[in-house]
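# Observations on the model geometry
In case you want the letters, here they are:
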Amino acid sequence: MTKQPQESMEIATVDTVIMNPNILPDPLPGQVAIVTNESDKPEGKDKTENDTKTKPSQNEDEIKSVARKLFGIFLIFLCSIQATTQGAIVKYIDVVPTGQIVMTISFHAICFLAVIAGHYNISLIRFPYKKFIFMRCVIGGLSYVARNWSYRNLPFGDANALLFTIPFFSGIIARFYLKEKYTLIHVLSTICGLAGIVLVAKPSFLFPSSGSYKEEWHVAVPLIAAAAMGWAYVCVRKAGTAVSPVVVSFYLLVFQFLGGLSYQTVTGTQYVSPSCYEERGLLLFCSVLAVCMYACLNKGLAIEKSATGSLVRNCDTVLAYLVQIFVFRAEVDVLSLVGAGLIVVGTVFITLGTAFDWTCGVEF
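Quick summary incoming for the structure in this document.

About the thresholds
- Residue positions are counted from 1 within each chain, in the order its sequence is given.
- Since the coordinates come from a predicted model, pLDDT governs what is reported: local features require at least 70, and pairs of side-chain atoms require 80 or more to be given and counted, while whole-chain, interface and lining totals use all residues.
- No hydrogens and no water enter the side-chain calculation; it runs on all heavy atoms of the structure.
- Think of a 1 Å grid over the protein atoms and nothing else: a 1.4 Å probe that fits but is trapped marks a cavity, an open set flanked by protein within 12 Å on at least five of seven lines marks a pocket, and residues with an atom within 4 Å of a point count as lining.
- Grid points are joined across faces, edges and corners, and a volume is the space filled by probe spheres set on the points.
- Runs of H or I in DSSP of at least four residues are treated as helices and runs of E of at least two as strands, each being numbered from the N terminus.
- Residue polarity is assigned by list, with Asp, Glu, Lys and Arg as charged and Ala, Val, Leu, Ile, Met, Phe, Trp, Tyr, Cys and Pro as nonpolar; anything else, Gly included, falls into the polar class.
- We define a nonpolar core as any set of buried Ala, Val, Leu, Ile, Met, Phe, Trp, Tyr and Cys residues linked to one another through side-chain atoms lying within 4.5 Å.
- Relative accessibility thresholds used throughout: buried, under 20% of the residue-type maximum; exposed, over 50%; partly exposed, between the two (1.4 Å probe, protein chains only).
- Lines fitted to C-alpha atoms define the axes here, with helix axes fitted over just the stretch in contact, and angles between the N-to-C directions of these axes take values from 0 to 180 degrees.
- Note on angle classes: values under 35 degrees are labelled roughly parallel, values over 145 roughly antiparallel, values of 65 to 115 roughly perpendicular, and the remainder oblique.
- Put simply, a crossing is left-handed when the front helix is turned counterclockwise from the back one by less than a right angle, and right-handed when it is turned clockwise.
- The contact criterion used throughout is that any non-hydrogen atoms of two residues lie within 4.5 Å.
- Two aromatic rings from Phe, Tyr or Trp, using only the six-membered ring of Trp, form a pair when their centres are within 6.5 Å; if the ring planes differ by under 30 degrees the pair is stacked, by over 60 it is edge-to-face, and anything between is tilted.
- The rule for a charge over a ring is simple: NZ of Lys or CZ of Arg within 6 Å of the ring centre, and within 35 degrees of the ring normal.

### Comments concerning empty space enclosed by the protein
Taken as a whole and assessed by the stated rule, the structure comprises three cavities of 30 Å³ or more. If you add up the space inside the second largest cavity, you get close to 50 Å³. Forming the boundary of the second largest cavity are Thr98, Gly99, Val102, Tyr144, Val145, Asn148, Gly259, Gly260 and Tyr263. Among the secondary structure elements, those contributing two or more residues to the lining of the second largest cavity are helix H3 (98–119), helix H4 (130–153) and helix H9 (245–267). Of the residues in the lining of the second largest cavity, the class split is four nonpolar, five polar and no charged.

### A few points about the nonpolar core
Counting residues in hydrophobic clusters, the biggest one holds 42 residues, and the most contacted among them are Leu113, Ile133, Tyr233, Val243, Leu253 and Leu301. Of all elements in the fold, only helix H2 (45–92), H3, H4, helix H8 (220–239), H9 and helix H10 (277–303) reach the threshold of two or more residues within this core. By size, the runner-up hydrophobic cluster in this structure holds nine residues, among which are Ala161, Ile197, Tyr321 and Ile343.

### Things to note about unusual backbone geometry
Look at Asn121: it is not a glycine, yet its phi comes out positive at around 55 degrees. By secondary structure assignment, the location of Asn121 is in the loop between H3 and H4. With relative accessibility at 71%, the residue Asn121 sits in the exposed group.

### Quick notes on the packing of H3 against H10
Running from N to C, H3 and H10 cross one another at 55 degrees; their axes reach a closest spacing of 8 Å. Between H3 and H10, the crossing angle belongs to the class labelled oblique. The interaxial crossing formed by H3 with H10 has right-handed handedness. Residue-level inspection shows Ile101, Thr104, Ile105, His108, Ala109, Phe112, Leu113 and Ile116 of H3 in contact with H10, the latter providing Leu283, Leu284, Cys286, Ser287, Val288, Ala290 and Val291. Taken together, the residues of the contact of H3 with H10 sort by class into twelve nonpolar, three polar and no charged.

### Looking at the packing of aromatic side chains
Tallying each qualifying case throughout the model produces four aromatic pairs. Considering the side-chain rings of Phe127 and Tyr251, the 5.9 Å spacing of their centres and the 45 degrees angle between planes classify their relative orientation as tilted. Taken as a pair, Phe127 in the loop between H3 and H4 and Tyr251 in helix H9 lie far apart in primary sequence, 124 residues in all. The class for Phe127 is buried, based on a relative accessible area of 16%. The exposure class assigned to Tyr251 is partly exposed, which follows from its relative accessible area of 23%. Ring centres 6.1 Å apart and planes at 55 degrees place the aromatic pair Tyr129 and Phe132 in the tilted group. Given a relative accessible area of 37%, Tyr129 falls into the partly exposed group. Among the aromatic residues, those joined into a cluster by ring pairs are Phe127, Phe250 and Tyr251. Here the guanidinium or amino end of Lys130 rests over the ring plane of Phe127, the centre of that ring lying 5.6 Å away. Over the face of the ring belonging to Tyr277 we find Arg280, whose NZ or CZ atom lies 5.5 Å from the ring centre.

Below, the structure written as structure tokens:
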């Protein structure tokens with residue numbers, strides 16, 4: 001008597017399902033629900049699965065892109081630290097002439113890079129974009145000589161302010177030659193950074209009491225050097241990561257050595273032997289810094305945009321200012337502090353703007 005109703009209930013349930021395929025009984029615990037029709041699938045199920053598959057990959061790509069940009073900026077900033085350290089050592093060793101120091105540092109650095117290239121099987125002959133690399137190295141060597149000439153023949157602050165007009169030249173050249181974006185962020189950061197450099201350097205054409213020019217045409221030399229370096233930055237950017245930083249640094253140091261030799265020959269300065277082991281050790285350390293500096297700079301410029309690289313290099317002035325305070329114990333004034341703050345603000349502004357692609361809706 002008790003089994004009959006159970007059998008009739010089972011038959012009735014199956015008949016109901018056959019007559020109404022869209023109506024299914026709720027699954028018992030441990031059973032899987034049966035889906036008989038595409039319309040019976042839970043809404044958004046496929047969409048959710050696709051989203052979970054695509055969203056992580058998109059997020060990973062975005063994170064990698066931001067991390068790559070920040071890494072490029074970090075390398076350029078690291079180059080600024082190395083350049084400031086090298087400049088402080090050169091200033092400390094004031095007995096050895098400038099041309100001789102350039103030749104000594106370049107020669108040792110060339111030897112280091114040749115060993116590195118041989119160890120990692122990096123060809124110093126076969127590489128792409130030879131025209132751009134050659135232009136970058138020649139321009140870099142000549143601009144290095146022009147920079148040292150400017151420091152010798154102009155007030156140091158004036159030369160520094162004029163040499164750091166590089167962001168204007170590199171940004172404009174990259175805009176027309178590489179078709180890179182030049183946004184409102186770049187403009188504001190450039191203005192902010194250059195204003196800070198002017199206040200730190202206090203050029204005599206704005207602050208007459210700080211110094212004066214021997215000849216008016218002397219002003220053109222650091223401006224030409226800045227324009228040349230701006231073009232050199234664009235050349236490295238054009239080559240991108242296709243050329244090893246070791247190759248670029250090697251040939252840059254070769255032309256830097258030739259520039260130092262030419263400078264020493266033209267000026268007729270006598271060669272001086274370092275007086276102690278400390279000076280020899282510091283010069284050797286400068287050679288190591290030169291290798292690391294150019295490797296970081298060329299790799300950073302290959303990753304990050306030219307204008308951004310030039311703006312981040314403004315940190316050289318701030319770092320030199322800090323060395324002046326804490327190492328050489330020189331006096332500072334309020335304008336220098338304000339200028340250093342403006343440079344830091346401009347650099348941070350452009351770094352964040354580049355990392356997160358801020359344009360403020362304005363592109364040039």
